[in-house]
Amino acid sequence: MTEPPAPPANTLWGGRFAAGPAGVMEEINASIDFDRRLWRQDIRGSRAHAAMLAKCGILTADDLADIERGLAAIEAEIESGRFAFSRALEDIHLNIEARLTERIGEAGKRLHTARSRNDQVATDFRLWVRDAIDGIDAQLADLMRALATRAARHAADPMPGMTHLQAAQPVTFGHHLLAYVEMLARDRGRLADARRRLNECPLGAAALAGTSFPIDRSMTAAALGFDRPMANSLDAVSDRDFALEFLAAAAISAVHLSRFAEEIVIWCAAPFRFVRLSDAFTTGSSIMPQKRNPDAAELVRAKSGRIAGALVGLLTVMKGLPLAYAKDMQEDKEGVFDAAGAWALALAAMAGMVRDMVPDTARLRAAAGEGHATATDLADWLVRVLRLPFRTAHHVTGRLVARADARGVDLPGLTLDEMRAEEPRITADIFTVLTVDASVASRLSYGGTAPARVAAEAARWQERLGQERLGQERLGQERLGQERLGQDRPGHERPAQERPE
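Now for a quick tour of the structure. (Residues numbered from 1 in each chain as written. Predicted model: local features only at pLDDT ≥ 70, side-chain atom pairs only at ≥ 80, totals over all residues. Heavy atoms only, no water.)

What about the overall build of the protein chain?
Okay, step 1: Along the backbone of the protein chain there are 19 helices and six strands.
Okay, step 2: Counting all 501 residues of the protein chain, 46% fall into the buried class.
Okay, step 3: Here the contacts in the protein chain between residues at least 6 apart in sequence split such that 74% fall between residues at least 24 apart.
Okay, step 4: As presented, the protein chain carries roughly 24,000 Å² of accessible surface, and 55% of it is formed by carbon and sulfur atoms. (Helix = DSSP H or I, 4+ residues; strand = E, 2+ residues; numbered from the N terminus. Buried < 20%, exposed > 50% of the residue type's maximum accessible area, 1.4 Å probe, protein only. Contact = heavy atoms within 4.5 Å. Areas by Shrake-Rupley, 256 points an atom, 1.4 Å probe, with all protein chains shown as cover.)

Following this line, the structure appears as structure tokens:
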């Protein structure tokens, strides 16, 4: 009887397969080209898993020592660029496992006890997204600080507030910038919510059904900084909500950044000339020597498309998958990696531009009064002083705007007699409300553009963000300590079936 051929040495997925994969199968199946960036998370998860297996008596102390030594050596190899990644070994998990076995022998083969690549990759990916969230959150806070600082400086500098990109009412430059601080605060809130929901550990769910080994999933969850293990093994290996939530938050934030980038492009244009960016954030033209193009802003605007596309791509991948794991999920990472990188770069560029830009306050002030921008102030005066119904005041003001247009002046350019021709009771006091400064100063309602309101709001954000920055280092140290010590988070008890007797 003829013996079947020995399986190729690189097929770590088992003796079931007697022949190696076809070339095209190897090409479509391999993910090491992009998932190698999970190596830190993979090693971290393996350390926690090995420590738990040893505590539960599944690994010996000698095996654990060998595994820890081997993983430390692999970590050093990857950090130094000496690690040889193999596409034949498909992914980061098999690459590290193969190298570990090569270095320490049989103990390396025991590491995969009571886990599968399904729960391994789900854990690694959650760890990576959590790390990305923490980094992006810090960048969002930095951009908010830059905006709040500049808003405080320009709390009283008027500019045109627009709707439909048409002059509407005067606002201040500081007030305009603080609008983006509010948007970014909501972006951070979405990230915080996403982080809280993703912070459950899939490790120990194995392929899809759990494991027959007496493991302690709460131990590995705590060691990796998770709040608790995931409660359903099917859900643990097949869920990618955490990646979708991250991408959804990224896409919304990218829209905010893109809107601001669009405004910077407009503000830099010759017809506006509201702000100027230095050479650090602009480029020239190969043919037109006078050009100063706001390319950094334009590229921030463009990256929003890539980020939104990543969200749509992963939604499409996941929408038709039955439980539990399917290889389609290998397509979950590239879009997330790309979106995270684009988001981080856009935030860095935007923070740089905010700190770099020089507003032309004289031009902003002049433009703030153009286009009958104080028409609403006139209508409000008619209501407040003459007690006209607002709709009547609105019509009177509209007729006055038509008169001003016919004369080629703004509302303050009309004479008192011209105004009285539309409403005889108008007095000279009307001109006190038609200035840009009077307009913005009158908007004292909560959230309004009055300089006093803007200055107070900018100061509030500066204080809040400053205190947060002071607390970040302490919080990071506490979190790192919890993860290293593997202690349970306060208020999160282990499931009853997994508590030690």
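From this point, the narrative continues.
Remarks on a nonpolar patch on the surface
Okay, step 1: A cluster of nonpolar side chains, Val 24, Met 25 and Ile 28, forms an exposed patch at the surface whose accessible area comes to about 330 Å².
Okay, step 2: Mapping Val 24 onto the fold places it in helix α1 (residues 23-29).
Okay, step 3: When its relative accessible area of 64% is taken as the criterion, Val 24 is described as exposed. (Patch = residues over 30% accessible without salt bridge, like charges linked within 9 Å, V, L, I, M, F, W, Y side chains within 5 Å. Salt bridge = Lys/Arg side-chain N within 4 Å of Asp/Glu carboxyl O.)

Observations regarding the layout of surface pockets
Okay, step 1: In this structure, the second largest pocket spans a volume of roughly 450 Å³.
Okay, step 2: Elements with a contribution of two residues or more to the lining of the second largest pocket: β1 (158-163), β2 (166-172), α8 (173-198) and α11 (241-268).
Okay, step 3: For the lining of the second largest pocket, the per-class residue count stands at 13 nonpolar, five polar and three charged. (1 Å grid on protein atoms, 1.4 Å probe; cavity = no way out; pocket = protein on both sides within 12 Å on 5 of 7 lines; lining within 4 Å. Points joined across faces, edges and corners; volume = space filled by probe spheres on them. Nonpolar A, V, L, I, M, F, W, Y, C, P; charged D, E, K, R; others polar.)

Section: the packing of aromatic side chains
Okay, step 1: Enumeration according to the criterion identifies nine aromatic pairs in this entry.
Okay, step 2: Pairing Phe 125 with Phe 337 gives two aromatic rings, centres 6.2 Å apart and planes at 80 degrees, and the pair type is edge-to-face. Linking Phe 125 in helix α7 (residues 117-153) with Phe 337 in helix α13 (residues 333-356), this pair joins segments that are 212 residues apart in sequence. Each member of the pair, Phe 125 as well as Phe 337, is classed as buried.
Okay, step 3: Three or more aromatic residues joined by ring pairs form one cluster here, namely Phe 125, Trp 128, Phe 242 and Phe 337.
Okay, step 4: Here Arg 36 stacks its cationic end above the ring of Phe 85, 4.3 Å away from the centre of that ring.
Okay, step 5: Lying over the aromatic face of Phe 226, Arg 130 brings its terminal NZ or CZ to 4.9 Å of the ring centre. (Phe/Tyr/Trp six-rings, centres within 6.5 Å; stacked < 30°, edge-to-face > 60°. Lys NZ or Arg CZ within 6 Å of the ring centre and 35° of its normal.)

Structural notes on unusual backbone geometry
Okay, step 1: Residue Ala 324 follows Leu 323 across a cis peptide bond; omega there is 5 degrees.
Okay, step 2: In this structure, Ala 114 is a non-glycine residue whose phi angle is positive, near 70 degrees.
Okay, step 3: Mapped onto the elements, Ala 114 comes out in the loop between α6 (106-110) and α7.
Okay, step 4: Within the chain, His 372 stands out as a residue other than glycine whose phi angle is a positive 55 degrees.
Okay, step 5: Looking at the element boundaries, His 372 is found in the loop between α14 (361-368) and α15 (375-386).
Okay, step 6: For His 372, a relative accessible area of 12% puts it in the buried group.

Description of the pattern of salt bridges
Side chains that differ in charge, positive against negative, can pair when their charged atoms come close.
Okay, step 1: Counted according to the given criterion, the structure contains 32 salt bridges.
Okay, step 2: The shortest N-O distance in the salt bridge between Glu 468 and Arg 188 comes to 2.4 Å. A residue pair is termed long-range when its members are at least 10 positions apart, and Glu 468 in helix α19 (residues 451-485) and Arg 188 in helix α8 qualify at 280 residues.
Okay, step 3: For Arg 188, a relative accessible area of 13% corresponds to the buried category.
Okay, step 4: One salt bridge connects Arg 443 with Asp 377, and the closest N-O pair in it is separated by 3.0 Å. Taken as a pair, Arg 443 in the loop between α18 (436-442) and α19 and Asp 377 in helix α15 lie far apart in primary sequence, 66 residues in all. Just as Arg 443 is buried, Asp 377 falls in that class too.

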